[in-house]
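# Observations on chain architecture
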Amino acid sequence: MRQEPKLVSVVIPAYNAREVIDGQLEALAAQDYAGEMEVVVGDNRSTDGLGDHLAGHPLRERLRLRHVDAPDAQCASHARNAGVAAANGEFLAFCDADDRAHPGWLSALVEAAREFDMVSGGLETGSINPPEIAERVDMAAPEQGFAFPGFLAFASGSNCGVWRDVFDAVGGWDESLLRAGEDMDFSWRVQLAGYTLGHAPKAMTAYRLRTSYRALWDQSVSYGEVDPLLFERYRSDGFRRNLLALPVVAVLLVIRNPLLPRALTRLPRGQWLTYLARMVGRVRGSIRHRVWFV
């Protein structure tokens, strides 16, 4: 069992987040965690004056808030790595600029981290999104955590924590994964290196969803596109195809088509769209990476 860290570094990747980051910073200031913490924002090429906004932020001293530039690659992984490089904590906690951590988030992460090398937290969508937006995504229950069918559990990049020595040992976040999949990749590398991943359901974050169908479609396609790449990367470690997935999902997409009455489909239009988009993404990714994973 590890000792409680002397300092926790909360790392936030951010891109043009000036209009939304205050909610997250206020949530971090309201944490019930009794230990020492700092907040480091990795600014990924923002053009909205985010740096100036943070420089004069009223919570700057209270949060020990720092802003660091992350201009070398346009992706959350690079912003997180840049934030970690500037961080001083023995334990690293990751959250997103547009979300909102519950008051007990950091305490629950750190408590679980006494027994685990990396910790995932739970996500909820009901408190930060309108009901018609929240129903578009079938989010895993907070107590369940996240797992890819047929392979290892993983932590969401928007809510997780890892000890600094473990982060350094596995090489940080993979900056070649530009749009999606970096959290699964990082979590799996941690476990395959012999470290442990635990889950802290009380480490809860309110997760902000895409508000337009177009943005939801693009996000879900990007999730699907990276699946074949991750399969190719981890198939030798036991990642397996689900050969029944394609016919089963194809049938579900037909019988739950939103053009049919809702009483028959029993599926919100947004959820149907995410399933279809992920399958489209998997086809694209399979072609691009020359490995069939649909």
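See the structure shown above.
A few points on the structure. (Residues numbered from 1 in each chain as written. Predicted model: local features only at pLDDT ≥ 70, side-chain atom pairs only at ≥ 80, totals over all residues. Heavy atoms only, no water.)

### Quick notes on the layout of surface pockets
There is about 180 Å³ of room inside the second largest pocket. Elements with a contribution of two residues or more to the lining of the second largest pocket: helix 9 (213–234) and helix 12 (269–289). Ranked by residue count, the leading element in the lining of the second largest pocket is helix 9, at four residues. Along the lines of polarity and charge, the residues of the lining of the second largest pocket split into five nonpolar, three polar and three charged. (1 Å grid on protein atoms, 1.4 Å probe; cavity = no way out; pocket = protein on both sides within 12 Å on 5 of 7 lines; lining within 4 Å. Points joined across faces, edges and corners; volume = space filled by probe spheres on them. Helix = DSSP H or I, 4+ residues; strand = E, 2+ residues; numbered from the N terminus. Nonpolar A, V, L, I, M, F, W, Y, C, P; charged D, E, K, R; others polar.)

### Brief notes about unusual backbone geometry
Of note, Arg45 is a non-glycine position whose phi angle comes to about 70 degrees, a positive value. You can see Arg45 is positioned in the loop between strand 2 (37–43) and helix 2 (50–55). Residue Arg290 is not a glycine yet carries a positive backbone phi of 55 degrees. The residue Arg290 is located in the segment after helix 12 in this model. The class of Arg290 is exposed, set by a relative accessible area of 80%. (Buried < 20%, exposed > 50% of the residue type's maximum accessible area, 1.4 Å probe, protein only.)

### Observations regarding the pattern of salt bridges
One pass over the full model with this rule turns up 16 salt bridges. With a closest N to O distance of 3.5 Å, Arg164 and Asp168 form a salt bridge. Of the two residues, Arg164 and Asp168 are both situated in helix 7 (residues 164–170); the distance of four residues between them amounts to about one turn of the helix. Glu225 is the salt-bridge partner of Arg288, the closest N and O atoms lying 3.9 Å from each other. Taken together, the residues Arg288 in helix 12 and Glu225 in helix 9 connect sequence positions 63 residues apart. Assessed through its relative accessible area of 53%, Arg288 is described here as exposed. Glu225 gets classed as buried once you look at its relative accessible area, which sits at 11%. One salt-bridge network, in which partners are shared between bridges, spans Asp174, Asp185, Arg189 and Arg233. (Salt bridge = Lys/Arg side-chain N within 4 Å of Asp/Glu carboxyl O.)

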